[in-house]
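Letter by letter, the chains look like this.
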Amino acid sequence: MKTRKGVVFFILLMGMILWAAEPALLYGAETPEGNVWDFVLDAKPFRGTLLSGPLSIYYDITSQGTGPDGQLDYIATMYYTVRLNKKKELFTFQGFSEGIYLRDFINQGNIIRNFLEIVVVPGIFPGGFNSWKFKSIGKAQFNDDNVSRAFVADIEIVVNTE
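Predicted model, so just to flag it, every value in this text is computed and none were measured. Residue positions within a chain follow its written sequence, with the count starting from 1. Confidence filtering applies because this is a predicted model: local features only for residues at pLDDT of at least 70, side-chain atom pairs given and counted only at 80 or more, and all residues used for totals across whole chains, interfaces and linings. Where side-chain values are given, they derive from all heavy atoms of the structure, hydrogens and water being excluded.

### Overview of the overall build of the protein
Rules: We count a stretch as a helix when DSSP gives it H or I for four or more residues in a row; a strand needs E for two or more, and each element gets its number in order from the N terminus. Each residue is placed in one exposure class: buried if its accessible area under a 1.4 Å probe, protein chains only, is under 20% of its type's maximum, exposed if it is over 50%, and partly exposed if it falls in between. Each accessible area value is a Shrake-Rupley result obtained with a 1.4 Å probe; residue values ignore everything except the protein chains displayed when judging cover.
Regarding its fold elements, the protein presents 2 helices and 6 strands. Ordering the α and β elements of the protein from the N terminus gives α-β-β-β-α-β-β-β. Relative to its 162 residues, the protein shows a buried fraction of 48%. Element-wise, carbon and sulfur atoms account for 50% of the exposed surface of the protein, whose accessible area totals about 8,500 Å².

If you want it as structure tokens, here you go:
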């Protein structure tokens, strides 16, 4: 899609980088503090239905401001799309959040988690579910053209409906 609003996703979880060194964090690279997405993942064994597919995130940069860490940061509208497979059925969900600081990984991760919990999982399991886990985020494909930033990564979630 040619419009910026049409270009979406993904995906979180998760591509918000200002300088050349920062995009490496999006690729799932480990830092001394760990992966930037570690706080949203739960890799412990969990029984349920495994869903996997791409998470796409597109950032439409709107301005600059002082981020939550007190440093100059870009402010963007974050568009995200999740496409998950469940037993040969394909489900696609889209959303967006305005006023996102590119380096505020915690807020972005929480937005994606909430989107999965409030929109995606109930959309796939309309009869209800007991719990779910964000199992993994794969290596991301990153795009940075100095006007917009985007990435796509494979994700896995597990949903318990029993």
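We are not done yet, so read on.
### Quick notes on the confidence of the model for the protein
The following threshold applies: How sure the predictor is of each residue is captured by pLDDT, a score from 0 to 100. It only takes one pair of heavy atoms within 4.5 Å for two residues to be counted as in contact.
Confidence in the prediction of the protein, expressed as mean pLDDT, is 76, and 70% of residues score 70 or more. Taken element by element, the predicted model of the protein shows its lowest mean pLDDT in helix α1 (residues 23–26) (38) and its highest in strand β3 (residues 89–101) (95). For the stretch residues 1–34, pLDDT sits under 50, and the model shows 113 contacts to residues farther than four places along the chain or on other chains.

### Overview of the packing of aromatic side chains
Applied cut-off: For Phe, Tyr and Trp, where Trp contributes only its six-membered ring, two rings pair if their centres lie within 6.5 Å, and the inter-plane angle classes them as stacked under 30 degrees, edge-to-face over 60, or tilted in between.
Evaluated as defined, the whole model comprises 4 aromatic pairs. An aromatic cluster is present here, built from Tyr58, Tyr79 and Phe96 joined pairwise through their rings.

### Re unusual backbone geometry
Residue Lys87 is not a glycine yet carries a positive backbone phi of 45°. Note on placement: Lys87 falls in the loop between β2 (72–86) and β3. Residue Lys87 is classed as exposed on the basis of its relative accessible area, which comes to 72%. For Lys88, which is not a glycine, the phi torsion comes out positive at approximately 70°. Lys88 gets classed as exposed once you look at its relative accessible area, which sits at 87%.

### Let's talk about the environment of Ile124
Here Ile124 is to be found in helix α2 (residues 105–124). Setting aside its immediate chain neighbours within four residues, Ile124 contacts Leu51, Leu84, Lys86, Phe91 and Phe93.

### Focus on the side chain of Thr77
Relative to the helices and strands, Thr77 resides in strand β2. Setting aside anything within four residues of it in sequence, one finds Thr77 in contact with Tyr58, Tyr59, Asp60, Thr62, Phe96, Ser97 and Glu98.

### A few points about α2
Heads up, the rule is: A helix is expected to span 1.5 Å multiplied by its residue count minus one. To get the bend at a residue, fit one axis to the 7 residues ending there and another to the 7 starting there, then take the angle between the axes.
An ideal rise of 1.5 Å per residue puts 28 Å on 20 residues; α2 measures up with 26 Å between its terminal C-alpha atoms. At Leu116, α2 shows its maximal kink, close to 40°. Within α2, the full set of buried residues consists of Phe105, Gln108, Gly109, Ile111, Ile112, Phe115, Leu116, Val120, Val121 and Ile124.

### Section: the pairing of β2
Filter applied, for reference: Note on pairing: two strands pair once DSSP finds at least 2 bridges between them.
By the criterion of burial, β2 is predominantly enclosed, with 11 of the 15 residues buried. In textbook terms, the turn of a hairpin is the stretch between consecutive antiparallel strands, and for strand β1 (residues 49–66) and β2 this stretch comprises 5 residues, one of which, Gly70, has a positive phi near 85°. Note that β2 and β3 share 11 bridges and pair antiparallel. Across the sheet, Tyr79 pairs through a bridge with Phe96, a residue of β3. Hairpin connection from β2 to β3: 2 residues lie between these consecutive antiparallel strands, with Lys87 at a positive phi of about 45°.

### Considerations on the environment of Asp42
Here Asp42 lies in the loop between α1 and β1. Since its relative accessible area comes to 18%, Asp42 is described here as buried. Look past the residues within four positions of Asp42 in its chain and what remains in contact with it is Lys133, Phe134 and Lys135.

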